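# Chain and residue survey
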Amino acid sequence: LAEIASSTLDRPDRKVLTIAVTGSAGKTTTSLMIASVLRAAKVRTAYQTDLGDSDGVVQSTSESPLATASTLVNWLSEAVDTECGAAIIELDEAALTYGHYDAVEFDVLVVTGAAQSAEHFGPSSLQCALERMARDGVVVANADDPRIERMVCDSGVRMVTYGVQRAADVSCKIIDQSGGMSTLFITTDNTTAAMETSLCGGAMAACHCAAATVGLLVDQPLPSVLEALGKVRQLPGRMQAIATEGQPTVYLDVAGSPKRLAAALRATRSMQQGKLWCVFAMTGLESSAELAEYGRIAERFAGQVVLTCHTGAKPQFLELAHHVLDGVKKCAAFRWVADWNQAIEWATGQAKSNDTVLIVGGILRGTPQQQRRELATLETWIETAIERRLEHEPANRPQLKIFG
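Calculation criteria
Counting of residues starts from 1 at the beginning of each chain's written sequence and follows it residue by residue. A pLDDT threshold of at least 70 governs which residues receive local features in this predicted model, and a stricter bar of 80 or more applies before side-chain atom pairs are shown or counted, although totals over entire chains, interfaces and linings include all residues. With hydrogens and water excluded, all non-hydrogen atoms of the structure serve as input to the side-chain values. Comment: axis = line fitted to C-alpha atoms, over the contacting stretch for helices; angle = value between 0 and 180 degrees taken between N-to-C directions. Strands here are runs of E lasting at least two residues and helices are runs of H or I lasting at least four, both read from the DSSP assignment and numbered beginning at the N terminus. Any angle from 65 to 115 degrees is called roughly perpendicular, while one under 35 is roughly parallel, one over 145 is roughly antiparallel, and all others are oblique. We call a crossing left-handed when the near helix sits turned anticlockwise from the far one by less than a right angle, and right-handed when that turn is clockwise. Only heavy atoms enter the contact rule, under which two residues are in contact if any of them lie within 4.5 Å. Polar here means any residue outside two lists: the nonpolar Ala, Val, Leu, Ile, Met, Phe, Trp, Tyr, Cys and Pro, and the charged Asp, Glu, Lys and Arg; Gly therefore counts as polar. Burial status follows relative accessibility: with a 1.4 Å probe on protein chains alone, a residue under 20% of its type maximum counts as buried, one over 50% as exposed, and anything between as partly exposed. Whether two strands pair depends on DSSP finding at least two bridges between them. Each helix should span, by expectation, one fewer than its residue count multiplied by 1.5 Å. Residue types Ala, Val, Leu, Ile, Met, Phe, Trp, Tyr and Cys, when buried and joined through side-chain atoms within 4.5 Å, form a set referred to as a nonpolar core.

## Description of the packing of helix α2 (residues 27-40) against helix α7 (residues 202-217)
- One way to put it is that α2 packs onto α7 with a least axis distance of 9 Å and a crossing angle of 40°. By the angle between their axes, α2 is oblique relative to α7. For the crossing formed where α2 meets α7, the hand is right-handed. Between α2 and α7, the residues in contact are Thr-29, Thr-30, Met-33, Ile-34 and Val-37 and Met-204, Cys-207, His-208, Ala-210, Ala-211, Val-214 and Gly-215, respectively.
- Of the residues belonging to the contact of α2 with α7, the class tally is eight nonpolar, four polar and no charged.

Pasting the structure below:
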């Protein structure tokens, strides 16, 4: 059906600059950052991500999963109809290996996070994406993972690298992280420019660097690219800061894998002044090995861990929590609270004003609409918990004065 649609619509993927984003982490963030850079360059841009999509004119939050196959081809045709110059596609890793993108060619492929190995037999998702590259296409590869560079080199596709930890064509250095802000230096050739962002941590720095590389590929000056990136202040569920003056700083992150949990904890730990609290919610969809790894990472980085779960996973809570403790050395240090709302209220209530609370995991990401709904519910719970904390602050209670 996708091939028929592509032929009928006269190959819409060849009428726009098609930018695909794949990888183990940071796809949604990088996609939205690239869209911001292209729009700042006056390029009408369509995009589809885990958080929503746009045809270049109207933004929406779909009740359907990421478009693939014939649905994707029709979406690209709509982008052509709205006179878009570029279309950004967040790729579904599983759909890649099943050939659901075989009717589309990519002009630019951005690889975020780390290389993912193939499950069972057959090629990995990255190898499948590389097979969909146009003849004159370019891969923007993460130099921090040498496996990605090797796979791209083996494919024979042109490559531009970016990196935070290793030397690359476009490199990024974190100069300072404090007060919920991060200062980055991004360098290409003999040009270096600085930017400030509220999206902190090494993983976010890599996303900024990847998006900046795409901006440079479309011939935008580095200062203009960084100015556009600096305007992306907050993304729902992506190290989203919820701060109240004089109260603990709360960060909300969807995580989704042990590596992403580690990245979120490292980012919050680098900015913390007091104690780091981690409220980790399980979805019930994780394997026992994944849960044990979550426990090992949480124990390593956080000062206090609160285990909880998604509302739909409550019947499995005890079983899931025991799997988490399989990776933990000091089990008694973990607090168990099955009700997600109560876990958030307890952590924010017990934390001191200079502490940091990271609320992570627990989000079912079947569709953008579902993810947005669950994130909105979490924000409401956090705001309510902080309001209740304020009601019980000593400053708000009648004070007894002793005379004489």
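## Remarks on the environment of Ala-263
- With respect to the helices, strands and loops of the structure, Ala-263 is situated in helix α9 (residues 258-271).
- Sequence separation between Ala-263 and Ala-25 is 238 residues; the distance between their C-alpha atoms is 9.8 Å.

## Details of the pairing of strand β1 (residues 17-23)
- Burial within β1 is extensive, with six of its seven residues counted as buried.
- For β1 and strand β5 (residues 86-90), the ladder comprises five bridges, and the chain directions are parallel. Bridging across to β5, Ile-19 finds its partner in Ile-88.
- Sheet topology places β1 next to strand β6 (residues 106-112); five bridges connect them, and they run parallel. Paired with Val-21 across the two strands is Val-110, which belongs to β6.

## Some words on α7
- The end-to-end C-alpha separation of α7 is 23 Å, in line with the 22 Å expected for 16 residues at 1.5 Å each.
- Among the 16 residues of α7, 12 are classified as buried, and the element is accordingly described as predominantly covered.
- Turning to α7, its buried residues are Met-204, Ala-205, Ala-206, Cys-207, His-208, Cys-209, Ala-210, Ala-211, Ala-212, Thr-213, Val-214 and Gly-215.
- Directly beyond the C-terminal end of α7, a positive phi value near 70° is found at Asp-219.

## Description of the nonpolar core
- The biggest cluster of nonpolar side chains holds 95 residues, and the ones touching the most others in it are Ile-34, Val-110, Leu-229, Leu-265, Met-282 and Ile-359.
- With nine residues, the single largest contributor to this core is α7.
- When residues no more than four places from it in sequence are discounted, the contact partners of Met-282 are Leu-291, Thr-308, Cys-309, His-310, Ala-313, Phe-317, Leu-320, Ala-321 and Val-324.
- Ile-89, Phe-106, Cys-128 and Met-133 belong to the second largest nonpolar core, which has 35 residues in total.

## Overview of the sheet that holds β1
- With mixed pairing, the 11 strands of this open sheet are ordered in space as β4-β3-β2-β5-β1-β6-β7-β8-β9-β10-β11. Unpaired on one side and paired on the other, β4 (59-60) and β11 (191-197) mark the two borders of the sheet.
- Contacts between helix α3 (residues 69-81) and the sheet are confined to β2 (45-49), β3 (52-54) and β5, with β5 contributing the most and set at about 155° to the helix.
- Most of the contacts of helix α8 (residues 222-230) go to β11, to which it runs at about 10°, and overall it touches β10 (181-188) and β11.

Purely geometric stuff here, so don't read any function into it on its own.
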